[in-house]
Amino acid sequence: MNTPMRTILLAGLVLATASLAPLKSRVTADETQLYGYTADSSRAERQWEEKMRAIPDPKNLRAYMERLSARPHNVGSAYDKDNAEWILGKFKEFGLDAHIETFSVLFPTPKERLVELVEGGPHFTAKLQEPAVPEDPTSNQTAEQLPTYNAYSIDGDVTGPLVYVNYGVPEDYEVLERRGISVKGAIIIARYGRSWRGIKPFVGWEHGAIGCIIYSDPRDDGYSGGAVFPKGPWRPKEGVQRGSVQDSAVFMGDPLTPGIGATADAKRLPIKDAQSLTKIPVLPISYADAQPLLEAISGPVAPRDWRGGLPITYHIGSATTGTRVHLKVEMDNSTHPLYDVIARIPGREFPDEWVMDGNHHDAWVYGASDPLSGAAPLMETARTLAELTKKGWKPKRTILLAFWDGEEFGLIGSTEWMEKHADELNRKLVAYLNSDSSGKGKLSVGGSHTLEAFIQEVARDVNDPESGRPLLHSLESNGGEFRINALGSGSDYTPFLQHLGVATLDIRFTGNDEGVYHSDYDDYYWYTHFSDTGFVYGQTLSKVHSTALMRLADAPILPFEFGRFAWTVSRYLDELEHLPNQPHRNYLPALRRQISLMHRTSADLNSAYLRVISSTGAINREKLAALNELLFHTERSFTLDPGLPGRPWFRHRIYAPGQYTGYDAKTLPGIREALEADKPDQALEQAGEVTEILQKLNDQIVQAKNLLEGM
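Residues numbered from 1 in each chain as written. Predicted model: local features only at pLDDT ≥ 70, side-chain atom pairs only at ≥ 80, totals over all residues. Heavy atoms only, no water.

Draft legend 1. Highlighting the packing of helix α9 (residues 368-390) against helix α16 (residues 536-554). For the pair α9 and α16, the least separation of the axes is 8 Å and the interaxial angle reads 50 degrees. For the element pair α9 / α16, the angle class is oblique. Once α9 is placed against α16, the crossing between them reads as right-handed. Counting all contacts with α9, which are made through G374, P377, E380, T381, T384, L385 and L388, the residues of α16 involved are G538, L541, S542, H545, S546, L549 and M550. (Axes fitted to C-alpha atoms, helices over the stretch in contact; angles between N-to-C directions. Helix = DSSP H or I, 4+ residues; strand = E, 2+ residues; numbered from the N terminus. Parallel < 35°, antiparallel > 145°, perpendicular 65-115°, else oblique. Left-handed = near helix turned anticlockwise from the far one by under 90°. Contact = heavy atoms within 4.5 Å.)

Here it is, written out as structure tokens:
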């Protein structure tokens, strides 16, 4: 690392530490003044938080999950609607103002599914179903369960040679190309892992494949991990991972109403014009169904790191070998209603500044882990905050709590709601908090680095239920540093962060539901035997979310901090500098100058903040409102129109899901993906846009400092 860069990083670390420096004036020795709060408001906030943390109860979490997971509740099912109405009733029982918003969306279900081996071995037809397990009381509700399939696959009836493509990511096709193996005209079989499932048929189509089969290999998701269900938590041989394969690089949400809320009167595209459906037919299968297919493949033996956990020799095959498979998919492409449940706690001082927390209530089948392990704590958060209002607590800002529908098919409920309310959300939404499936493990946080200092304080003040130590300890690296992850996609935060540019945090506990993920067996029986069996981590998750909501809603000055953001973008630039395909690095100096300037403007803002927050004088309410509006709109600065090259819906220039990673984030994505695609001119163009947004952010930071100095 060169000396100037080291100086910038050290400056960022000093500022990050300064932003959390204990402010002891007028507080007791065992208190630390909260970021964004005066001494008096910090003391009052902590008193309310102490009352809050006594409310969440594991017994309630258990009851919520048992009720919500009692029957399959995918979009379009009777129990999905019943659950939405039950959640609404609970909100009202708690004393909250709540309502349901309904959207009508494309919900494809299979009319016909077929995978059969027709040449190259004994004729074999895949079962394509998961059997009931005697020990598991809900697994026998087969009439109500969705079949095993991939949503948003196109229809297709194809027969062709079978080629094994490992995980089906671009690097695997480079291996095939070096071996002279083509998949043109072939049906590919790929194992789950290394990328989001929708990438596999997309990359296969790019290389000429006519169909795609995806299976769970026991090396990744089965007996290699341990005992399989019902004796253990891992995927049994006939377990299947369902899932959407919507082309999420284009846009999220209902494929027929891109860019607009899918209300009853919305104009819809015909199916043939829906851009986010796959280009080839796709089906998922179990490793019991995959083994006869893989055994029949001949040709070259697969490389060592391509070999899975089945007791066979893994061959690659080719478009000219004799192993042929017949794949048929036919969908019922009907539209169905989905039900978003929204509750509101009105703010008493700044009612038009909103803080929102969400999870989803729909599932592929029973969804005990995904999503109810996170949704049940959100329900308890709603009850907790409602109880506090009865005791006299009134948030300064409005709090919204959302249970989304249709998440599993492509974040549909949250995206359609965002698109319907986009103008109002752009003006009012301060931050969006999210959880999804959770479990028993370490606290996991990803999101906007302007909120990194804020969530560090929250993790410091909530304890792990088993060790009794602050959650922060498990998040700090060996060097004592605290860093949150960048977010790409994969849950309901995506439309708020990636499209609107709303500061976001995704907060949950790590769990291991891989063994039953998106299967019939992700149910109450599995969860209460193999995950957070006492619901104490769910109770703690409710405390974490409640703390974050209360602090964001009540903070006199919103706790956005920019020194850590500057440090983080510096690190992203270091990563870019080491990428290949850079005949010139003309884009770097301008970006480095803006980051260097941001360290200085952030330090000046922090100094002005410290003077105001430690003052005993009254803060002018109008100036405070102007300051806070400026602060929460800083994340909006990271979005530009049109969006990223080839995918205009994704507007965030600092974080985005990668075109070939799906869920995983690519940082500085416009520049990074241009360099990875050997497009240096496009990289320069994208770097100019990032320089523009960083310059705008620096201007906003200076404006915020000037407002503080005028208070």
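Draft legend 2. Just the pattern of salt bridges, in detail. Evaluation of the coordinates by the stated rule reveals 39 salt bridges. Among the salt bridges present, the one from E144 reaches R71, with a minimum N-O distance of 2.1 Å. Of the two residues, E144 sits in the loop between β2 (124-125) and β3 (150-151) while R71 sits in the loop between α3 (58-68) and α4 (78-94), which places them 73 residues apart along the sequence. Judged by relative accessible area, which is 32%, R71 ranks as partly exposed. Here R324 makes a salt bridge to E119, at a shortest N to O gap of 3.7 Å. Of the two residues, R324 is situated in strand β9 (residues 324-345) and E119 in strand β1 (residues 97-119); the sequence distance between them amounts to 205 residues. For R324, a relative accessible area of 27% translates into the label partly exposed. (Salt bridge = Lys/Arg side-chain N within 4 Å of Asp/Glu carboxyl O. Buried < 20%, exposed > 50% of the residue type's maximum accessible area, 1.4 Å probe, protein only.)

Draft legend 3. Quick peek at the packing of aromatic side chains. This model, assessed by the stated rule, comprises 26 aromatic pairs. Each ring, one from Y432 and one from F496, has its centre 4.3 Å from the other, and the planes form 15 degrees; the classification is stacked. Of the two residues, Y432 is situated in strand β12 (residues 429-434) and F496 in helix α14 (residues 494-500); the sequence distance between them amounts to 64 residues. The class for Y432 is buried, based on a relative accessible area of 0%. A residue is classified by how much of its surface remains accessible, and F496, at 0% relative accessible area, is buried. Grouped by ring-pair contacts, the aromatic residues F229, Y521, Y525, W526, Y527, F530 and F535 constitute a single cluster. It is R647 that lies over the ring of F650; its NZ or CZ is 5.6 Å from the centre. (Phe/Tyr/Trp six-rings, centres within 6.5 Å; stacked < 30°, edge-to-face > 60°. Lys NZ or Arg CZ within 6 Å of the ring centre and 35° of its normal.)

Draft legend 4. Expanded view of the nonpolar core. Judged by nonpolar contacts, the single largest core of 115 residues is most densely connected at F91, I455, L505, I557, F560, F565 and I671. Excluding anything up to four places from it in sequence, F560 contacts Y35, V430, T450, L451, A503, L631, F632 and T634. The next biggest cluster of nonpolar side chains, apart from the first, holds 94 residues, and it includes V115, A151, L338 and I342. (Core = buried A, V, L, I, M, F, W, Y, C linked by side-chain atoms within 4.5 Å.)

Draft legend 5. Broad picture of the pairing of β9. The pairing of β1 with β9 spans 21 bridges and is classified as antiparallel. Of the residues in β9, the one forming a bridge with E116 is H326. Here strand β4 (residues 156-164) pairs with β9 via six bridges, running antiparallel. Within β9, the residue paired with D157 across the bridge is K328. Inspection of the sheet shows β9 paired to strand β11 (residues 397-404) by five bridges, in the antiparallel sense. Each bridged residue has a counterpart across the sheet, and for V341 the counterpart in β11 is F403. (Pairing = 2+ DSSP bridges.)

Draft legend 6. Looking closely at the side chain of T148. Mapped onto the elements, T148 comes out in the loop between β2 and β3. A polar contact is formed between the side chain of T148 and the backbone oxygen of L128, at a distance of 2.9 Å. Aside from chain neighbours lying at most four places away, what touches T148 is R113, L128, Q129, E130, V240, R242, L283 and P284. (Polar contact = N/O pair within 3.5 Å; in protein donor to acceptor, adjacent residues only side chain to side chain.)

Draft legend 7. Seen up close, the pairing of strand β5 (residues 187-191). The element β5 is largely enclosed, with a buried count of five among its five residues. Residues I187, I189 and R191 point to one face of β5 and I188 and A190 to the other, with burial holding for every one of them. Pairing between β4 and β5: three bridges, direction parallel. By the bridge assignment, V163 is partnered in β5 with I188. The pairing of β5 with strand β6 (residues 211-215) spans five bridges and is parallel. Bridge pairing links I187 to G211 in β6. For the handedness criterion, the β-α-β arrangement of β5, helix α6 (residues 199-206) and β6 is classed as right-handed. (Right-handed = clockwise from strand over helix to strand, strands pointing away.)

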